[in-house]
Amino acid sequence: MAKMADVARRAGVSVSTVSHVINGTRYVKDETRELVLEAVRATGYTHNTVARSLKTSSTLTLGLAVSAVGNFHFAELVSAVDAATRASGYTLLMADTHDDPAEELSVVRMLHERRVDGLLLATAAGPRGAALRYVKNAGLPTVLIDRCASPAFDQVATANVEATARLVDHLADLGHTRIGLVAGRRNLRTSGERQRGWQRGMERKGLVVSDDLVVVGDSQAYPAELATERLMTGPDAPTALVSGNNQMTLGVLRALSRLGRKVPSDVALCAFDDFEWADLMHPSPTAIAQPVQETGRRAVELLMQRIADPDGERRTVLLEPTFVHRESCGCTRPT
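Residues numbered from 1 in each chain as written. Predicted model: local features only at pLDDT ≥ 70, side-chain atom pairs only at ≥ 80, totals over all residues. Heavy atoms only, no water.

- The name given to the protein chain in an unreviewed UniProt entry is LacI family DNA-binding transcriptional regulator, with Streptomyces luteolus as the source organism.

1. Describing helix α8 (residues 160–173)
1) Next: Taking 1.5 Å per residue, 14 residues should reach 20 Å; α8 reaches 20 Å between its end C-alpha atoms and fits that length.
2) Next: In terms of burial, α8 is a largely internal element, 11 of the 14 residues being buried.
3) Next: Those residues of α8 that sit buried are Asn160, Val161, Ala163, Thr164, Ala165, Leu167, Val168, Asp169, His170, Leu171 and Ala172.
4) Next: Downstream of α8 by one or two residues, Gly175 has phi in the positive range, about 105°. (Helix = DSSP H or I, 4+ residues; strand = E, 2+ residues; numbered from the N terminus. Expected span 1.5 Å × (residues − 1). Buried < 20%, exposed > 50% of the residue type's maximum accessible area, 1.4 Å probe, protein only.)

2. Side note on the layout of surface pockets
1) Next: Size it by volume and the second largest pocket reaches roughly 370 Å³.
2) Next: As for the second largest pocket, its lining consists of 29 residues, and the residues nearest its centre are Asn71, Asp99, Arg147, Ser219 and Asn245.
3) Next: Counting residues per element, the lining of the second largest pocket draws most heavily on helix α9 (residues 189–204), at 4 residues.
4) Next: Of the residues assigned to the lining of the second largest pocket, the class counts are 8 nonpolar, 15 polar and 6 charged. (1 Å grid on protein atoms, 1.4 Å probe; cavity = no way out; pocket = protein on both sides within 12 Å on 5 of 7 lines; lining within 4 Å. Points joined across faces, edges and corners; volume = space filled by probe spheres on them. Nonpolar A, V, L, I, M, F, W, Y, C, P; charged D, E, K, R; others polar.)

3. Details of the pairing of strand β1 (residues 61–66)
1) Next: Counting buried positions along β1 gives 6 out of 6 residues, so the element sits mostly inside the fold.
2) Next: Here β1 shows two buried faces, one formed by Thr61, Gly63 and Ala65 and the other by Leu62, Leu64 and Val66.
3) Next: Pairing of β1 with strand β2 (residues 91–96), which is carried by 6 bridges, proceeds in the parallel orientation. Residue pairing for β2: Ala65 is matched across the bridge by Ala95.
4) Next: Across 4 bridges, β1 lies against strand β3 (residues 118–121) in parallel orientation. Bridging across to β3, Gly63 finds its partner in Leu119. (Pairing = 2+ DSSP bridges.)

4. Points about the sheet that holds strand β8 (residues 240–243)
1) Next: An order of β7-β6-β8-β9-β10-β12 is seen for the 6 strands of this open sheet, with the pairing classed as mixed. Taken across any chain shown, the strands that pair with only one partner, and hence form the sheet edges, are β7 (214–216) and β12 (322–324). Shown here is a sheet whose adjacent strand axes are inclined to one another by a mean of 15°, direction ignored.
2) Next: With 3 bridges joining them, strand β9 (residues 268–272) and strand β10 (residues 286–289) adopt parallel strand pairing. Bridge pairing links Cys270 to Thr286 in β10. (Axes fitted to C-alpha atoms, helices over the stretch in contact; angles between N-to-C directions.)

5. Looking at unusual backbone geometry
1) Next: The linkage connecting Val263 with the following residue, Pro264, adopts the cis geometry, with an omega of 5°.
2) Next: Summarising the element assignment, Pro264 is placed in the loop between α11 (246–258) and β9.
3) Next: Look at the link from His282 to Pro283: it is a cis peptide, with omega at -5°.
4) Next: With respect to the helices and strands, the residue Pro283 is situated in the loop between β9 and β10.
5) Next: The backbone phi angle of His98 is positive, close to 55°, even though this residue is not glycine.
6) Next: Take His98: it is sitting in the loop between β2 and α6 (101–113).
7) Next: Here the phi dihedral of Asp146 falls at roughly 75°; this positive angle occurs in a residue that is not glycine.
8) Next: Structurally, Asp146 is set in the loop between β4 (142–145) and β5 (154–158).

6. Considerations on a nonpolar patch on the surface
1) Next: A surface patch of nonpolar side chains, amounting to about 340 Å² of accessible area, comprises Phe72, Trp277 and Leu280.
2) Next: Among the structural elements, Phe72 can be located in helix α5 (residues 72–87). (Patch = residues over 30% accessible without salt bridge, like charges linked within 9 Å, V, L, I, M, F, W, Y side chains within 5 Å. Areas by Shrake-Rupley, 256 points an atom, 1.4 Å probe, with all protein chains shown as cover. Salt bridge = Lys/Arg side-chain N within 4 Å of Asp/Glu carboxyl O.)

7. Observations regarding the nonpolar core
Most often, soluble globular proteins keep nonpolar side chains buried together rather than apart.
1) Next: Judged by nonpolar contacts, the single largest core of 23 residues is most densely connected at Leu64, Val81, Leu120, Val143, Ile145 and Val156.
2) Next: Those elements that place two or more of their residues in this core are β1, α5, β4, α12 (292–308) and β11 (316–319).
3) Next: Here Leu120 is in contact with Gly63, Leu64, Ala65, Val81, Val143, Ile145, Ala299, Val300 and Leu303, once residues within four sequence places are set aside.
4) Next: By size, the runner-up hydrophobic cluster in this structure holds 22 residues, among which are Leu171, Ala183, Trp198 and Phe323. (Core = buried A, V, L, I, M, F, W, Y, C linked by side-chain atoms within 4.5 Å. Contact = heavy atoms within 4.5 Å.)

8. Quick look at the packing of aromatic side chains
1) Next: Taken as a whole and assessed by the stated rule, the structure comprises 3 aromatic pairs.
2) Next: Centre to centre, the rings of Phe72 and Trp277 are 6.0 Å apart; their planes meet at 85°, and the pair counts as edge-to-face. A residue pair is termed long-range when its members are at least 10 positions apart, and Phe72 in helix α5 and Trp277 in the loop between β9 and β10 qualify at 205 residues.
3) Next: Here Phe72 falls in the partly exposed class, since its relative accessible area comes to 36%. (Phe/Tyr/Trp six-rings, centres within 6.5 Å; stacked < 30°, edge-to-face > 60°.)

9. Concerning the side chain of Asp169
1) Next: Topologically, Asp169 is positioned in helix α8.
2) Next: In this structure, Asp169 is in contact with Gly201, Arg204 and Lys205, ignoring residues within four places of it in sequence.

10. Some details on the state of the cysteines
1) Next: For the structure shown, the criterion picks out 0 disulfides.
2) Next: The cysteine Cys329 is free of any disulfide, with Cys331 supplying the nearest cysteine sulfur at 3.6 Å.
3) Next: For Cys329, a relative accessible area of 2% corresponds to the buried category. (Disulfide = S-S within 2.5 Å.)

Here it is, written out as structure tokens:
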């Protein structure tokens, strides 16, 4: 088997330089790095990560615990985190929490037992959840991603409240006074923030905030479909809707279609979360697009800093999303 010294001879560099490139332990010039990587490929050198982990107590792996099954937003977030992890010289281990607090604790414990160097967690359990207590007691470097739950941890998420309020502002400016909300699962931090944003927008425009304008879609398509049917068949149904995430937007659209309500002529719609294929939809949805790539990059960046400095000041990073103006609100598509 090829050894590190063989790679060094072929690349014309020292063994220590090869080690720094492979382990990511020091900056190496791009041209030198490429020479080393080419020599690695040519010699067939395979780095013994098990031996390294025994020697340094580092496995060069990060853990990601997130609810990813069937959720477009989290699927994109996983991809962003993986790219940032690879760029940092690490490997990503992912486990699905299914947004269940008991499962969340189980997968967090499993990732810790796999000796990940740090953890990225989209917690469903909130600030008093068992998973957060576990990582704190274990001293595992952790960054909360997508859902800010506790300032005791580094955390990166979208600024949900004002972004949702902006959707309400836009619909109110178009003349709507009864604006309904299809809200997400009650125990999720993002659901609460977006409902507060809906309320802020209603109050800012002097509109009546009423419980009969809010239904819970449970952050999934089918429950949102049923909830929308209840909302739109009741007395004094809203003339405009805000959907709390992209999964629920699909349920809202199915319900309105079955009820024979056309978007936007009968019911205006604005959505939180954009779709990669939104331009193929008719009408195309006016939406809040989250900065998913930046969220992944910043979260990994914070985690690498936390691994290097376990006792440093904790930071909360709220990223601004983008208002994407299309047709479902009732406006003509901007040119």
